[in-house]
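# Summary of the model geometry
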Amino acid sequence: MFKVSIMNFKAVFVALIAILSWNEILARTCDNKDENPYLMFSTKTSYFKVFNGSNIHDENGCQAKSLWMLARHGSRYPGSDDILVMADRGVEIKDAIVEAYSSGKGSLCHEDFIQFQSWSFNWTQDDGSLLSESGKLEMFQIGQRVRKRFFDDIKDETHIHFRRTYKKRTGQSAESFAEGAFPDQSVEILKPLHTDPLLRFFDFCTKWINDIDENPETYKEQRLFGETDVMKKTLKDIGLAIGFNEELNLTDGLIIYDICRYEQAHQPDKFSVWCSVFQETHLKVFEYYEELKYWHKNGYGHALNYLMACPLVQDAALTLQKEEIGKSGTFYFSHSEAILPFLAALDLFKDKEPLRHDNFHTMSERHYQTSRIGSFSSNVIFVLLECEEFPQKRLLTYHQERRIKLPRCDSDPCNWDQFMSRYQDVIGCQFDQLCGTDDQANEEFINLDSNSGETNNAKSLFSLKLCMLCTFLFGSALINS
C-alpha cells in the first residue's frame, strides 16, 4: 500500500500553492494598457509631445523681416545629485518592486515585471545635466522647421546672431539648432558670459533671490498640497500597485516620478516601465505638485517673477526694429528660469484664479500648465513683418512653434506700434530699481551688448583687474599707515 507522510504532504501542498500563485501572477496581463498614455511631466516633458510641426508661416501681403527667438535647452539628463539618488534609492525601490511581485503582491502586469527585473541604471554623475540625444534632436528639428518657415530664401546678407548661457547644455542646444537651421553656413555662437544679466537675469535680481527664490513661503502651497488627501490617496494607490506593504511616502513617490519622466524624455518613443505604475490621475496630481512651485517662483505668484524678465522683452523690441539690410535672425538659448518669467511678462497663459493647494480639481483646465508651456526646448519666436497695407509693421508671435495672439494686442499679428505701447511697462522697466542689484551688476547690465560677448568678457576682466589693483593699493596703504 502507498503511504504519504505528513511531511511529504506538506511539501506537495506548498508546491501546489506556489504553482497556483505563479499562475495567478502570470495571469496579470497588460491588455488594459492605454495606447495613448498621459505623458505630461511639467518642465521635464519631452518637446516631441507638445510642439506644432505643421503651422507654416503664410501672411499674405507681408514679408518676414527679422526674427527673434528665446529657447530653453533641449531634454537633458538629471542633475548629478538626482543621479546619485536614482542610483541609490531608485535601485532599492526597483528591487523592492521585483521582490513584492515575486511574492504575489501588487497589481503590475507580468510584462512590466519582466522589464523591472531587467532594468538597470546606467547614468553617471558625468552625465549630470548634459543634453541627451533626444534633446539634440529636438533642437535640430526646431532649427529645420524655422529655416523652412522663415529662411528658405536665405541670402548672403542675412544677419545671424547666436548666444547661449555658460551652461554646457545651452551650448549643445545652440549647436544642434544651428546645424538644423543653417546647415550650409558657418554660424558663430558667441562665447558665453559668466555674468549675463540678459539670459540669466534671475541671477542678478537680488530682491527676487532674497524675497522669493530663497523664501520658504514661496513653496508653502506646494508643501501643503503634498499633505492633502488627494496626494495621500495617490501615494497609497501607487504603493498598492507596486506591492509595498507600507504606504508610499512622498519622497519615494517623487523618485519614481523623476525616473519615469527623465527616462521618457530620454527615449520619447519608448514607454518607460517606471511610468507604468502611474494612472493618468496620478500623473496629473504630481504635475500639479510641480506647477505650484513654478507658478509661485517663476510665474504669476509674484509680480517681480515676470517684471524682472524685462531685459529680454527690451532686447526683443530693440533687436526687431533695428534697421539692417536683408533679413536678420537672433537666437538665444537659456533655461526654464528665463522662459517662464518671459511668458508671464507677456501675460500669456494667465488664469483668473491663482494656483493653490486646495483647488486642484477646479484648476484641471488651467492655462498655466508647465508641461505644455515650459517643456524641454520650450521657445518663443517673434517675427517682424513688413506688409503692403496698413499697419505696415506687424508682429507675429509663436509659442512651441504655434501661432499665438498676444493678450494685450487687438489682433494676430499685432500692430507693431500697439505692441510697443501696450507692453511699455515691461519694455521700459528699470531692472536695477526693480531688483535692488549692486553697482557692479548694474554696470554690466547697462553696458551689455547682446551681440558682443567678447567685448563684455573683456570688460569683466578689466573690472576684475581694476578691483585687484585697488585692493593691493588699499592694502599697502593700510600696512604703511
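Model, not experiment: these values are computed from the prediction.

### Considering the overall build of the chain
Broken down by element type, the chain carries 19 helices and seven strands. Each of the 481 residues in the chain was classed as buried or not, and the buried ones make up 52%. Put simply, 79% of the contacts in the chain that link residues at least 6 apart link residues at least 24 apart. Roughly 23500 Å² of accessible area belongs to the chain as shown, and the carbon and sulfur atoms make up 52% of that amount.

### Concerning the packing of aromatic side chains
Within the structure shown, the criterion is met by 35 aromatic pairs. Ring centres of Y101 and F113 lie 4.2 Å apart, and the angle between their planes is 10°; this geometry places the pair in the stacked category. You can see Y101 sitting in helix 2 (residues 80-102) and its partner F113 sitting in helix 3 (residues 110-118), a full 12 residues away along the chain. With respect to class, Y101 is no different from F113; both count as buried. An aromatic cluster of at least three residues, connected via ring pairs, comprises W68, Y332, F342, F382, W416, F419 and Y423.

### Some thoughts on helix 3
When helix 3 is considered as a whole, its buried residues turn out to be H110, D112, F113 and F116. Down the axis, helix 3 shows its buried residues gathered within 155° of arc, on one side only.

### Quick look at the packing of helix 8 (residues 229-241) against helix 10 (residues 280-297)
Running from amino to carboxyl end, helix 8 crosses helix 10 at an angle of 135°, the nearest separation of the two axes being 10 Å. In terms of orientation, helix 8 and helix 10 fall into the oblique class. Crossing hand, helix 8 versus helix 10: left-handed. Here V230, M231, T234, L235, D237 and I238 of helix 8 come into contact with helix 10, specifically with H282, V285, F286 and Y289.

### Comments concerning the pattern of salt bridges
In this structure the tally under the stated criterion is 21 salt bridges. Between D252 and R89 there is a salt bridge whose closest N-O contact spans 2.7 Å. Note that D252 is positioned in helix 9 (residues 250-266) and R89 in helix 2, a separation of 163 residues in sequence. The partner of R261 in a salt bridge is E290, with the nearest N and O atoms 3.3 Å apart. Highlighted residues: R261 in helix 9 and E290 in helix 10, separated in sequence by 29 residues.

### A short note on the state of the cysteines
Scanning the model with the defined rule gives five disulfides in all. The disulfide partner of C205 is C435, and the S-S distance across this bridge is 2.1 Å. The sign of the -90° torsion about the S-S bond sets the C205-C435 disulfide as left-handed. Here C205 is found in the loop between helix 5 (168-181) and helix 6 (206-213), whereas its partner C435 is found in helix 17 (residues 431-435), with 230 residues between them in sequence. Like C435, C205 is buried.

### As for the environment of E388
Residue position: E388 is located in the loop between strand 4 (379-387) and strand 5 (393-399). Separated by 326 residues in the primary sequence, E388 and C62 place their C-alpha atoms 6.4 Å from one another.

### So, the nonpolar core
Counting 126 residues, the largest nonpolar core has F177, W274, L312, F331 and F419 as the members making the most contacts within it. Of all the elements, helix 10 adds the most residues to this core, at eight residues. Apart from the residues lying within four places of it in its own chain, the contact partners of F331 are L67, M69, V146, F151, I160, H161, F162, R163, F177 and F182.

### What to know about the confidence of the model for the chain
Detailed reading of the predicted coordinates is not advisable wherever pLDDT falls low. Scored by pLDDT, the chain has a mean of 86; 82% of the residues are at 70 or more. Note that pLDDT drops below 50 for residues 12-27; the model gives that stretch seven contacts with residues more than four away or on any other chain.

### Description of helix 12 (residues 310-320)
Burial analysis of helix 12 places 10 of its 11 residues in the buried class, the great majority of the element. Turning to helix 12, its buried residues number three or more, namely C310, P311, L312, V313, Q314, D315, A316, A317, T319 and L320.

### A closer look at the pairing of strand 4
Counting buried positions along strand 4 yields eight of nine residues, so the element is predominantly enclosed. Inspection of the sheet shows strand 4 paired to strand 5 by seven bridges, in the antiparallel sense. Note that in strand 5 the partner of L385 across the bridge is R394. From the end of strand 4 to the start of strand 5, which pair antiparallel, there are five residues.

### As for the packing of helix 9 against helix 10
Packing of helix 9 against helix 10 brings their axes to within 12 Å, and their N-to-C directions diverge by 100°. When the axis of helix 9 is compared with that of helix 10, the two are roughly perpendicular. Contacts from L250, G253, L254, Y257 and R261 of helix 9 reach helix 10 at L283, F286, E287, Y289 and E290. In the contact of helix 9 with helix 10, the residues fall into six nonpolar, one polar and three charged.

### Section: the environment of Q117
With respect to the helices and strands, Q117 occurs in helix 3. Q117 sits 22 residues away from D95 along the chain, and the two C-alpha atoms are 7.9 Å apart. Apart from residues lying up to four places away in sequence, Q117 is in contact with K94 and V98.

### Concerning the environment of P391
Mapped onto the secondary structure, P391 falls in the loop between strand 4 and strand 5. Look at P391 and you get buried, because its relative accessible area is 18%.

### Re unusual backbone geometry
Cis geometry is adopted by the peptide bond preceding P391, which originates at F390 and carries an omega value of -10°. In this chain, D412 is followed by P413 through a cis amide linkage whose omega measures 0°. You can see P413 is positioned in the loop between strand 6 (402-403) and strand 7 (414-415). With a phi close to 70°, D347 is a non-glycine residue in the positive phi region.

Scoring rules and cut-offs
Residues numbered from 1 in each chain as written. Predicted model: local features only at pLDDT ≥ 70, side-chain atom pairs only at ≥ 80, totals over all residues. Heavy atoms only, no water. Helix = DSSP H or I, 4+ residues; strand = E, 2+ residues; numbered from the N terminus. Buried < 20%, exposed > 50% of the residue type's maximum accessible area, 1.4 Å probe, protein only. Contact = heavy atoms within 4.5 Å. Areas by Shrake-Rupley, 256 points an atom, 1.4 Å probe, with all protein chains shown as cover. Phe/Tyr/Trp six-rings, centres within 6.5 Å; stacked < 30°, edge-to-face > 60°. Arc of directions from axis to C-beta. Axes fitted to C-alpha atoms, helices over the stretch in contact; angles between N-to-C directions. Parallel < 35°, antiparallel > 145°, perpendicular 65-115°, else oblique. Left-handed = near helix turned anticlockwise from the far one by under 90°. Salt bridge = Lys/Arg side-chain N within 4 Å of Asp/Glu carboxyl O. Disulfide = S-S within 2.5 Å. Core = buried A, V, L, I, M, F, W, Y, C linked by side-chain atoms within 4.5 Å. pLDDT = per-residue confidence, 0-100. Pairing = 2+ DSSP bridges. Nonpolar A, V, L, I, M, F, W, Y, C, P; charged D, E, K, R; others polar.

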